[in-house]
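Residue-level structure breakdown
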Protein chains: 2
Amino acid sequence: MNLQNRTVLVTGGGGFMGSHLCEALLHSGANVRVIDNFASGRPDNLADIIERLELVKGSVADEKKVQLACRGVDAVVHTAFPMAMRERSLDTDVMVDYLAGLFNLLKETIANNALFVYISSIAVYGNQQYVPVDENHPLEPVMLHGAMKLAGECLCRTLAHSHGLKAVILRAADIYGPKNTRVCVPVRYLINALAGQPLRVFGSGRQSRTYTYVDDFVQAVLGVLVTPEAVGKVFNIAGEQVVSMYELAELVKEVTGSNSSIVLEENVASDDRRLEIDGSLARQALQLTQPVSMREGLTKTRDWLLQVPGFYQEG
Amino acid sequence: MNLQNRTVLVTGGGGFMGSHLCEALLHSGANVRVIDNFASGRPDNLADIIERLELVKGSVADEKKVQLACRGVDAVVHTAFPMAMRERSLDTDVMVDYLAGLFNLLKETIANNALFVYISSIAVYGNQQYVPVDENHPLEPVMLHGAMKLAGECLCRTLAHSHGLKAVILRAADIYGPKNTRVCVPVRYLINALAGQPLRVFGSGRQSRTYTYVDDFVQAVLGVLVTPEAVGKVFNIAGEQVVSMYELAELVKEVTGSNSSIVLEENVASDDRRLEIDGSLARQALQLTQPVSMREGLTKTRDWLLQVPGFYQEG
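Residues numbered from 1 in each chain as written. Chains lettered and ligands numbered in written order. Predicted model: local features only at pLDDT ≥ 70, side-chain atom pairs only at ≥ 80, totals over all residues. Heavy atoms only, no water.

Selection criterion: UniProt positions are given in the numbering used here, feature names are shortened, and annotations may be inferred rather than shown by experiment.
The name given to chain A in an unreviewed UniProt entry is dTDP-glucose 4,6-dehydratase, with Sporotomaculum syntrophicum as the source organism. According to the UniProt record, the Sequence similarities (unreviewed entry) comment for chain A reads "Belongs to the NAD(P)-dependent epimerase/dehydratase family."

1. Considering unusual backbone geometry
Defined as follows: Where helices and strands are cited, they refer to DSSP runs of H or I of at least four residues and of E of at least two residues respectively, numbered from the N terminus. Throughout, exposure labels follow a simple rule: accessible area from a 1.4 Å probe, protein chains only, divided by the maximum for the residue type, with under 20% read as buried, over 50% as exposed, and the rest as partly exposed.
Looking along the chain, the bond that leaves Val-131 of chain A and enters Pro-132 of chain A is cis, with omega of -10°. Within the secondary structure layout, Pro-132 of chain A lies in the loop between strand 5 (115-121) and helix 4 (144-163). Even without a glycine there, the phi angle at Gln-287 of chain A is positive, about 50°. Within the element layout of this structure, Gln-287 of chain A appears in the loop between helix 8 (280-285) and helix 9 (294-307). Residue classification places Gln-287 of chain A among the exposed residues on the basis of a relative accessible area of 71%. The backbone phi angle of Asn-113 of chain B is positive, close to 50°, even though this residue is not glycine. Under the relative-accessibility criterion, Asn-113 of chain B is labelled exposed at 53%.

2. Considerations on helix 6 (residues 214-225) of chain A
Keep this limit in mind: Take the residue count of a helix, subtract one, and multiply by 1.5 Å to get its expected span.
Taking 1.5 Å of rise per residue, the 12 residues of helix 6 of chain A would be expected to cover 16 Å, and the 17 Å separating its terminal C-alpha atoms lies within 8% of that figure. With respect to burial, helix 6 of chain A is a largely interior element, 10 of its 12 residues being buried.

3. Some words on the packing of aromatic side chains
Applicable threshold: Each Phe, Tyr or Trp ring (for Trp, its six-membered ring) is paired with any other whose centre lies within 6.5 Å, and the angle between the two planes then decides the class: stacked below 30 degrees, edge-to-face above 60, tilted in between. Here, a charge over a ring means that NZ of Lys or CZ of Arg falls within 6 Å of the ring centre while also lying within 35 degrees of the ring normal.
Per the stated rule, a full pass over the model turns up 14 aromatic pairs over all chains. Judged by centre distance (4.9 Å) and plane angle (80°), the rings of Phe-311 of chain A and Tyr-312 of chain A are edge-to-face. For the pair shown, Phe-311 of chain A and Tyr-312 of chain A are each scored as buried. Seen in terms of ring centroids, Tyr-176 of chain B and Tyr-213 of chain B are 5.5 Å apart; in terms of plane orientation they differ by 65°. Their pairing is edge-to-face. Of this pair, Tyr-176 of chain B sits in strand 7 (residues 175-176) while Tyr-213 of chain B sits in strand 10 (residues 212-213), and the two are 37 residues apart along the sequence. A relative accessible area of 4% means that Tyr-213 of chain B is categorised as buried. Through a chain of ring-to-ring contacts, the aromatic side chains of Tyr-176, Tyr-211 and Tyr-213 of chain A assemble into a single cluster. The ring of Phe-311 of chain A is capped by Arg-42 of chain A, whose NZ or CZ atom sits 3.6 Å from the centre of that ring.

See below:
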């Protein structure tokens with residue numbers, strides 16, 4: 001798929017991943033359409049490009065809006081996900097809205113004979129049983145949002161069999177960067193370091209993650225859109241660098257030049273998990289360039305934070 | 001769990017599997033509660049026992065009704081399933097109702113610290129990759145209802161991790177017997193044979209199934225309810241006898257004494273699949289008796305059909 005004049009719908013286009021993706025798609029010559037209810041996405045995230053894209057305001061759970069948004073599309077990238085699903089509380093409406101939205105999108109993708117790019121998550125793996133976690137790792141999610149992502153994967157695979165859906169599943173590792181909706185740990189540390197506040201590391205500080213800079217995620221999605229062989233496949237999307245929470249705190253201090261202290265705090269909920277994700281399959285199959293280093297990603301995120309001091313309004 | 005004075009909620013209690021289960025539970029001394037919207041279930045199925053059970057008329061998608069139905073229960077057996085999900089058309093409302101219902105039930109089961117018995121299906125396996133299909137077979141459903149059953153299994157497992165849900169998953173093979181809602185092949189052949197009509201066998205007639213008499217299904221559910229070690233486990237529920245469509249037609253002729261002809265008909269949709277399901281794990285773990293033979297099950301179903309000539313109003 002050449003992206004010149006191709007029409008791509010980005011669900012949750014006003015969100016963190018979605019808005020970065022819209023910028024890159026426009027840059028590649030695609031026609032970009034967005035559907036977003038701005039529950040967690042922000043119109044401001046699209047401020048620079050709003051005049052160059054088509055915006056459908058509304059929820060993907062609204063079948064009529066989805067039909068409108070999908071008319072004539074070549075591809076749908078489903079990044080929308082309800083933040084409330086990450087909470088421990090069990091809200092039927094949130095769960096239902098998510099699945100209804102996914103189902104509506106799948107139906108319209110099939111009706112338009114388009115490509116569906118499903119943004120799943122490494123949360124589908126649950127507790128890692130070996131490292132690094134590749135795409136063949138058992139799927140045993142331990143949190144609701146992982147279960148819902150997995151239910152969505154299952155729907156994609158089945159409709160590929162039963163209704164000829166063309167789908168690619170991307171399991172995103174922890175993505176960070178400018179416009180992060182959730183204040184994930186790298187962003188939290190940057191904010192604290194820039195404010196001269198202590199960086200709080202829970203537990204031993206040895207627990208680690210494969211943090212992935214948002215540009216690498218975007219590059220992977222674009223790779224999928226121009227790689228017909230990707231259809232029907234599942235890929236982890238992850239950086240190459242695994243970093244412990246303690247190393248991350250030290251790196252943030254370096255990048256910000258802060259003299260914040262690093263404080264180890266006991267926390268029963270933390271553990272020494274080494275969440276090392278193997279993203280090599282996607283890098284090879286989608287011909288991706290070398291992932292952004294943690295130092296570079298943190299530097300770019302720092303620069304953005306300095307430009308938008310009020311983005312996270314918190315105490 | 002001793003069933004004397006235990007309270008068990010049966011969703012879809014007015015349906016085929018549900019109504020048989022209610023009878024057996026009452027016989028075992030349990031207090032039985034039913035929730036059913038009678039979309040495909042029939043009040044008549046409960047006629048003989050209606051005064052001995054508590055009935056909540058309504059859909060499990062109605063959270064208030066589910067709260068009412070689950071108050072003080074010791075176990076919930078979720079047999080309700082929308083017939084419309086078996087069709088090829090993709091209806092968002094049907095899908096949403098099923099998952100909302102499941103989610104409501106899971107929440108209330110957790111709130112009541114009860115046991116959840118999830119009636120799944122061998123449809124979660126998709127095309128068999130080896131025979132007999134045991135519980136470790138890959139999960140790659142090829143039809144929507146299999147995908148939804150699998151999504152439900154996934155929710156059960158995850159909520160066991162995250163919220164302490166006690167759940168048992170039963171993957172039912174093709175169940176047949178009196179009160180069958182769907183006119184499955186054994187029932188279809190019995191009806192035709194009793195009417196002296198030809199028994200139509202599609203394709204080669206070599207395709208086979210592990211048909212399972214409804215009493216064996218009921219016995220397995222009761223086994224789960226009295227076997228604490230079953231919590232967290234997954235079991236196939238299937239008879240021991242694999243029968244080809246041609247053999248089934250011959251057996252039906254014997255059982256009915258009919259002189260109907262057996263007609264082989266070409267059908268592009270049929271295949272030579274040998275859907276052999278391994279139900280031995282459940283038989284061992286739940287200490288089940290020898291499954292009902294195909295001959296005996298067909299005989300009992302024949303006797304019932306002769307008693308209720310108007311049950312299936314068809315041309």
